[in-house]
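Residue-level structure breakdown
Each chain, letter by letter, is given below.
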Amino acid sequence: MATQTSQSVSEMIKEKKEKRSWLRYIEKIVPAFLLLTAIISVLTTVGILFTLIVETFTFFNKVSIIDFITQKEWYPFFASDPSYGIITLISGTLLVAFIAMVVALPIGLASAIYLSEYASDRVRRIIKPILEVLAGIPTIVYGFFALSFVTPLLQSIIPDLGFFNALSPGIVVGIMIIPMIASLSEDAMTSVPKSMREGALALGSTKFEVAIKVVLPAAVSGVIASFVLAISRAIGETMIVTLAGGATPKLTFDPTESIQTMTAYIVQVSSGDAGYGTTIYYSIYAVGMTLFIFTLLMNLLAQFISRRFREEY
C-alpha cells in the first residue's frame, strides 16, 4: 500500500514537472508570436506607404505637382487636354464629410450623454447592441438606401435636387458614423469617476449640469478622439458617395449638386476605366496619398488636442 502511494506521489510530481516545462515552453513561444504579429503589422503599413509613395512619384513625373494642387478642374479622361486639379475632389470630399458631421456629431454626442448619465442598465443593454448592429451594416446597403430612399425623400422637399447630389450621401454617412461617436464617447464618459458626479450633485447641481459641466469636460479627450475617428471614417467612405454622390468632379459647396469625392474617383478608375501604366491609372495613387495625408494630419491634431485637454483636467 505504501509502495502504491509513493508511486502515485512520484507520478504526480512527474506530471507537475512536465506541465511546468510545457508552460515554460509556451511562455517562450507566445512573446515571439506576438512580436511576429507586431512586425507583420508594421511591415504591412510600411509596404502600403512605400507603394503609395513610389506610384505617386511616378504620377508626378508625368503631371506637375503645382498643377495638381492649384488647378480647379479635374478632367483626367480628356484625351486632348486632361487636367488634374485635386482641389475639386477635395471639395466634394469635405462637403460630404461636413454634412455628415452636422448630422452625426449632435446626435451621437446626445446619445452618448443619455446612455452614460440617464439610461438605466436595462435600457443601456438594449440600445447599445442596436447601435452596434447599425455600425455593422455594409456600406453598400447604406449607398442603396441613400439612392433609393433618402434622395427621393429629399426631392419631395427640395424639387430642384438632382438625382445625384452631395446632400443625400452626406446625411447617410452621418447616420452611419453615429454609432461610432455614441459608443466611443459613452465609453469615455462612463470611465469618469463616480465621485466627481456625486460631488457635483452634493453641491446642488442638476443631473444635466453634471453631465455638461463635469462629465463631458472630464471625458473630452475621448470625445474628441471619437469625433476625429468619425471624421476620418466619413472622409474615407467609398460606396455611399460612389452610388449616391455622382461622378461629376466640381469645385462647389452647393450640397444639391452632383459631386465626386476622392474615394469615388478611385473606385471609378479601379473598375476598369483606365489601363495599367497610364497617367490616369497612376492618378489613383496620388489621390490615395492625398487621403493618407488628410487622415494623418487629423490624427496628429487629435492627439495634440487630447493631450492638451488631458493635462488640464
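Report follows, based on the coordinates.

Cut-offs and rules
- For every chain, the first residue of the written sequence is number 1, and numbering continues from 1 along that sequence.
- With the structure being a predicted model, the display of local features is reserved for residues of pLDDT at least 70 and the display and counting of side-chain atom pairs for 80 or more, all residues being used for whole-chain, interface and lining totals.
- To get the side-chain values, take all heavy atoms of the structure and skip hydrogens and water.
- Strands here are runs of E lasting at least two residues and helices are runs of H or I lasting at least four, both read from the DSSP assignment and numbered beginning at the N terminus.
- For each residue, the accessible area found with a 1.4 Å probe, counting protein chains only, is set against the maximum for its type, and the residue is called buried under 20%, exposed over 50%, and partly exposed in between.
- Here, two residues are considered to be in contact whenever any of their heavy atoms come within 4.5 Å of each other.
- The protein chains shown are the only cover counted for residues, whose accessible areas, like all others here, come from Shrake-Rupley with a 1.4 Å probe.
- Each helix should span, by expectation, one fewer than its residue count multiplied by 1.5 Å.
- What we call the bend at a residue is the angle made by axes fitted to the seven residues finishing there and the seven residues starting there.
- Here a cavity denotes a set of grid points, spaced 1 Å apart and computed over the protein atoms alone, in which a 1.4 Å probe fits but from which it cannot get out, and a pocket denotes an open set meeting protein on both sides within 12 Å along at least five of seven lines; residues with an atom within 4 Å of a point are reported as lining.
- Grid points are joined across faces, edges and corners, and a volume is the space filled by probe spheres set on the points.
- For Phe, Tyr and Trp, where Trp contributes only its six-membered ring, two rings pair if their centres lie within 6.5 Å, and the inter-plane angle classes them as stacked under 30 degrees, edge-to-face over 60, or tilted in between.

In this section: the overall build of the protein chain. Across its full length, the protein chain holds 12 helices and two strands. Each helix and strand of the protein chain, placed in order from N terminus to C terminus, yields the pattern α-α-β-β-α-α-α-α-α-α-α-α-α-α. Here the protein chain holds 313 residues, and the buried ones make up 38% of them. Looking at the protein chain alone, contacts between residues at least 24 apart form 70% of all its contacts between residues at least 6 apart. For the protein chain, the accessible area works out to roughly 17,900 Å², and carbon and sulfur atoms hold 68% of it.

A few words now on helix 6 (residues 167–190). Taking 1.5 Å per residue as the helical rise, helix 6 with its 24 residues ought to reach 34 Å, and the 34 Å between its terminal C-alpha atoms agrees with that figure. Considering bend angle alone, the principal kink of helix 6 is centred on Ile177 and spans about 35 degrees; proline Pro179 follows within four residues of it. Most of helix 6 is tucked away, with 17 of its 24 residues classed as buried.

Once that is clear, we can look at empty space enclosed by the protein. This model, assessed by the stated rule, comprises one cavity of 30 Å³ or more. Of the volumes computed, that of the largest cavity is approximately 30 Å³. Lining of the largest cavity is provided by Thr93, Val96, Ala97, Ala234, Ile235, Glu237, Val241 and Thr261. Those elements that provide at least two residues to the lining of the largest cavity are helix 3 (86–118) and helix 9 (220–236).

Turning to the packing of aromatic side chains, a few remarks are in order. Following the criterion strictly, the structure yields 11 aromatic pairs and no others. Between the aromatic rings of Phe60 and Phe68, the centroid separation amounts to 5.2 Å while the plane-to-plane angle is 80 degrees, which identifies the pairing as edge-to-face. In this structure Phe60 comes out as partly exposed when scored by relative accessible area, which is 23%. For Phe68, a relative accessible area of 5% corresponds to the buried category. Their ring planes at 65 degrees and their centres at 6.3 Å tell us that Phe68 and Trp74 sit as a pair that is edge-to-face.

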